Amino acid sequence: MTSNPTPVLTKKLLTLWPQKGGIGKSFVATLIFDYLRERGVRVKAFDLDHANSTFQRHVPEAEFIDTDVDADKLGVLDPLVRELTDGSAEIVLADNRASGGDKLELYFEENRLVALQAEARIALVFVIVVVDDKDAISQVANLVDAYGDCVRWLVARNLREGPKLNLFEQGSTRQKLLAHGAVEIDVPCLAEVTRNRLQLANLTVAAGRTAEQLHLLDRSRCVRFHEKMAAEFAKAELLLFS
């Protein structure tokens, strides 16, 4: 953690989307968490994925919230907001679940969170993890149509399978996001063997840089990947800290 914390002018609620499983939401959440902590931000993390809890396994500080509840019990999600309005957190980071992730969207609607942003003195940031998958892109398109300019957008382009996302780049959804001021960052490819070893050891990339249980080559890959992500997150500083 830096000795000179980066000030966050407006408190923020960061949530991971879309609901599609297996696209790297939890991985991106760990990257964001490590970046914010290293910048000295007071960040509170939540894991909403009761099926896997991947985020919590890698970030033990993350608090688990079971959203597999009836609609009238979605008040279990109140800590996402109360940590900002009543607590000391500057940023709340919530890894959304895959199947059933619409519970979070329903919570936003029932509590009028979009309309409450100014009164609560918070900003909603939708972190969109993008891969070349038609269903996932379709879900993103629905979110963009529903929320438009009412939220901030951070697009994490998951390049784990190659340097291009042709479906996304050539489609209208990307153009709509950019028109709404979305900031795009690239999540570069990390060697599969290293990803698997991090998973088995429940380590984030940042922790993997110095983890003695990893091979020297894996630690070196983590160092390089971490450096690349620092450069990518620099593109989103205004969005995250203003």
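Refer to the preceding data block for the structure.
Since the structure is predicted, the reported quantities are computational estimates derived from the model, not experimental observations. (Residues numbered from 1 in each chain as written. Predicted model: local features only at pLDDT ≥ 70, side-chain atom pairs only at ≥ 80, totals over all residues. Heavy atoms only, no water.)

So, the overall build of the protein chain
Working step 1: When helices and strands are counted, the protein chain shows twelve helices and seven strands.
Working step 2: Taking 242 residues into account, the globule formula puts the C-alpha radius of gyration at 18 Å, and the protein chain, at 17 Å, falls close to it.
Working step 3: C-alpha atoms of the protein chain, sized along the principal axes, occupy 50 × 40 × 35 Å.
Working step 4: Residues classed as buried in the protein chain amount to 50% of the 242 residues present.
Working step 5: For the protein chain, long-range pairs separated by at least 24 residues make up 75% of all intrachain contacts whose partners lie at least 6 apart in sequence. (Helix = DSSP H or I, 4+ residues; strand = E, 2+ residues; numbered from the N terminus. Rg over C-alpha atoms; globule rule 2.2 N^0.38 Å. Buried < 20%, exposed > 50% of the residue type's maximum accessible area, 1.4 Å probe, protein only. Contact = heavy atoms within 4.5 Å.)

Focus: the sheet that holds strand E2 (residues 43-47)
Working step 1: Spatially, the seven strands line up as an open sheet ordered E3-E2-E4-E1-E5-E6-E7, and their pairing is parallel. Across the chains shown, the open sheet's two edge strands, defined by having one partner strand only, are strand E3 (63-64) and strand E7 (183-187).
Working step 2: The pairing of strand E6 (residues 152-158) with E7 spans five bridges and is parallel. The residue bridging Arg157 from the neighbouring strand is Asp186, located in E7.
Working step 3: Lying on the sheet, helix H6 (residues 134-147) is in contact with strand E1 (11-17), strand E5 (122-130) and E6; it crosses E5 at an angle near 160°. (Pairing = 2+ DSSP bridges. Axes fitted to C-alpha atoms, helices over the stretch in contact; angles between N-to-C directions.)

Brief notes about unusual backbone geometry
Working step 1: Omega for the bond connecting Trp17 with Pro18 falls within 30 degrees of zero, at 0°, which places this linkage in the cis form.
Working step 2: Residue placement: Pro18 occurs in the loop between E1 and helix H1 (25-38).
Working step 3: Phi angles above zero are rare outside glycine, and Asn202 is one such case at about 55°.
Working step 4: If you trace the backbone, Asn202 turns up in the loop between helix H9 (192-201) and helix H10 (205-208).
Working step 5: What makes Asn202 partly exposed here is its relative accessible area of 32%.

What about the pairing of E6?
Working step 1: Within E6, six of the seven residues are buried, which leaves the element mostly enclosed by the surrounding structure.
Working step 2: With six bridges joining them, E5 and E6 adopt parallel strand pairing. By the bridge assignment, Phe126 is partnered in E6 with Trp153.

Considering the packing of H6 against helix H8 (residues 172-179)
Working step 1: Contact geometry for H6 and H8: axes closest at 10 Å, N-to-C directions at 35°. Pair H6 / H8 crosses with left-handed handedness. Side by side, H6 and H8 meet where Ile137, Val140, Ala141, Val144 and Asp145 of the first sit next to Thr173, Lys176 and Leu177 of the second.
Working step 2: For the contact of H6 with H8, the class distribution of residues is five nonpolar, one polar and two charged. (Left-handed = near helix turned anticlockwise from the far one by under 90°. Nonpolar A, V, L, I, M, F, W, Y, C, P; charged D, E, K, R; others polar.)

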